[in-house]
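# Fold and contact review
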Amino acid sequence: VEIPELETVEVEIAASELKYEPYDEAKQIDAVLEGNRKQSPVIDRGVVENDYVVIKYQSKVLSTRKMFPKKQTYFIAKDGEEFEIPEFYKEIIGKNRDESFTFTRTFPADYKKKPLAGQEVEFNVTVVNIFELVKPELNENFVKSIGFEDENTFKEKLKGEYEQYNSKMI
């Protein structure tokens with residue numbers, strides 16, 4: 001079998017099969033703003049979906065009373081998010097900054113961390129901090145922060161890049 005030079009291979013795709021959306025300025029700007037969200041501390045409410053939460057926790061296996069060292073880590077408050085503590089999402093929602101709470105979990109017998117497998121474990125948790133991702137506003141400060149002189153220059157560049165990218169697709 002002889003493989004041709006891949007640089008010389010041409011593939012034709014019918015224009016009807018290409019998916020080209022006309023330029024939507026609002027949609028493109030929103031995508032840039034979403035991509036530039038920043039963490040902002042939350043002070044006046046409890047944890048809600050998609051918050052970033054800094055926690056300290058310590059666990060204790062109830063049958064042996066073995067205590068594990070305290071850990072500090074962050075958790076994204078999202079249902080189904082993988083974390084060392086199964087279904088932790090259910091426990092953290094609604095909790096406030098500096099709030100401490102205790103709960104137990106029974107780990108499955110085949111749990112990946114052998115010291116916890118099949119064990120009932122108590123967790124002592126403290127919410128250290130809560131952050132939400134805040135989308136910036138489209139204004140002069142924002143466009144300057146990403147390297148543009150003004151909003152018009154930013155919008156022109158955004159449209160130009162969109163059209164240039166899509167012209168390669170047609």
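Refer to the structure presented above.
In this report, we go over the structure that sits alongside the text. Each chain carries its own residue numbering, running from 1 in the direction its sequence is written. Confidence filtering applies because this is a predicted model: local features only for residues at pLDDT of at least 70, side-chain atom pairs given and counted only at 80 or more, and all residues used for totals across whole chains, interfaces and linings. Where side-chain values are given, they derive from all heavy atoms of the structure, hydrogens and water being excluded.

## Section: the pattern of salt bridges
To keep it simple, the criterion reads: Here a salt bridge means any side-chain nitrogen of Lys or Arg lying within 4 Å of a carboxyl oxygen belonging to Asp or Glu. The way it works is that DSSP assigns letters per residue, a run of H or I at least four long becomes a helix, a run of E at least two long becomes a strand, and they are numbered from the N terminus. Relative accessibility thresholds used throughout: buried, under 20% of the residue-type maximum; exposed, over 50%; partly exposed, between the two (1.4 Å probe, protein chains only).
Applying the stated criterion across every chain yields a total of 14 salt bridges. Residue Glu34 is joined to Arg37 by a salt bridge in which the shortest nitrogen-to-oxygen separation is 3.5 Å. Among the salt bridges present, the one from Lys159 reaches Glu163, with a minimum N-O distance of 4.0 Å. With Lys159 and Glu163 both in helix H4 (residues 151-169) and four residues apart, the pair spans about one turn of that helix. Taking the relative accessible area as the measure of exposure, Lys159 reaches 37% and is therefore partly exposed. Judged by relative accessible area, which is 38%, Glu163 ranks as partly exposed.

## Concerning the pairing of strand S6 (residues 120-134)
Selection criterion: Any two strands are treated as partners once DSSP identifies two or more bridges connecting them.
Pairing of strand S1 (residues 38-41) with S6, which is carried by four bridges, proceeds in the antiparallel orientation. Looking at S6, one finds that Pro41 is bridged to Phe131. Here strand S2 (residues 52-61) runs beside S6; their pairing, made up of ten bridges, is antiparallel. Opposite Val54, over in S6, you have Asn129 as the bridge partner.

## Some words on the packing of aromatic side chains
Formally: Planes of paired rings set the category: under 30 degrees apart is stacked, over 60 is edge-to-face and the rest tilted, where pairs are Phe, Tyr or Trp rings (Trp by its six-membered ring) whose centres lie within 6.5 Å. In this analysis the charged atom, NZ for Lys or CZ for Arg, is taken to sit over a ring once it is within 6 Å of the ring centre and within 35 degrees of the ring normal.
Inspection of every chain in the model, using the stated rule, returns 13 aromatic pairs. Ring centres 6.1 Å apart and planes at 35 degrees place the aromatic pair Phe88 and Phe103 in the tilted group. With Phe88 in helix H2 (residues 88-92) and Phe103 in strand S5 (residues 100-106), this pair connects stretches of sequence that are 15 residues apart. Like Phe103, Phe88 is buried. With centroids separated by 6.0 Å and ring planes inclined at 20 degrees, the aromatic side chains of Phe101 and Phe103 adopt a geometry described as stacked. Overall, Phe101 belongs to the buried group, its relative accessible area being 10%. Three or more aromatic residues link up through ring pairs in this structure, and these residues are Tyr57, Phe75, Phe83, Phe88, Phe101, Phe103, Phe107, Tyr111 and Phe123. The ring of Phe101 has Lys95 sitting right over it, with the charged end atom 4.8 Å from the ring centre.

## Looking at helix H1 (residues 25-35)
The line we're drawing: Read the arc as the range of directions from the helix axis to the C-beta atoms. Polar contact criterion, stated in full: a pair of N or O atoms within 3.5 Å, where within protein one must be able to donate a hydrogen and the other to accept it, and residues adjacent in sequence count only if both atoms are side-chain atoms.
Those residues of H1 that fall on the buried side of the exposure criterion are Ile29, Val32 and Leu33. Take H1 and look down its axis: the buried residues cluster within an arc of 100 degrees, on one side only. Where H1 begins, the side chain of Asp24 points an oxygen toward the backbone nitrogen of Ala26, at a separation of 3.2 Å.

## Things to note about the environment of Ser100
For clarity, the cut-off: By the convention used here, residues are in contact when the closest approach between their heavy atoms is within 4.5 Å.
Inspection of the secondary structure puts Ser100 in strand S5. In sequence terms Ser100 and Val125 are 25 residues apart; their C-alpha atoms lie 5.5 Å from each other. Discounting chain neighbours no more than four positions away, the residues touching Ser100 are Val125 and Thr126. At a separation of 2.8 Å, a polar atom in the side chain of Ser100 contacts the side chain of Thr126.

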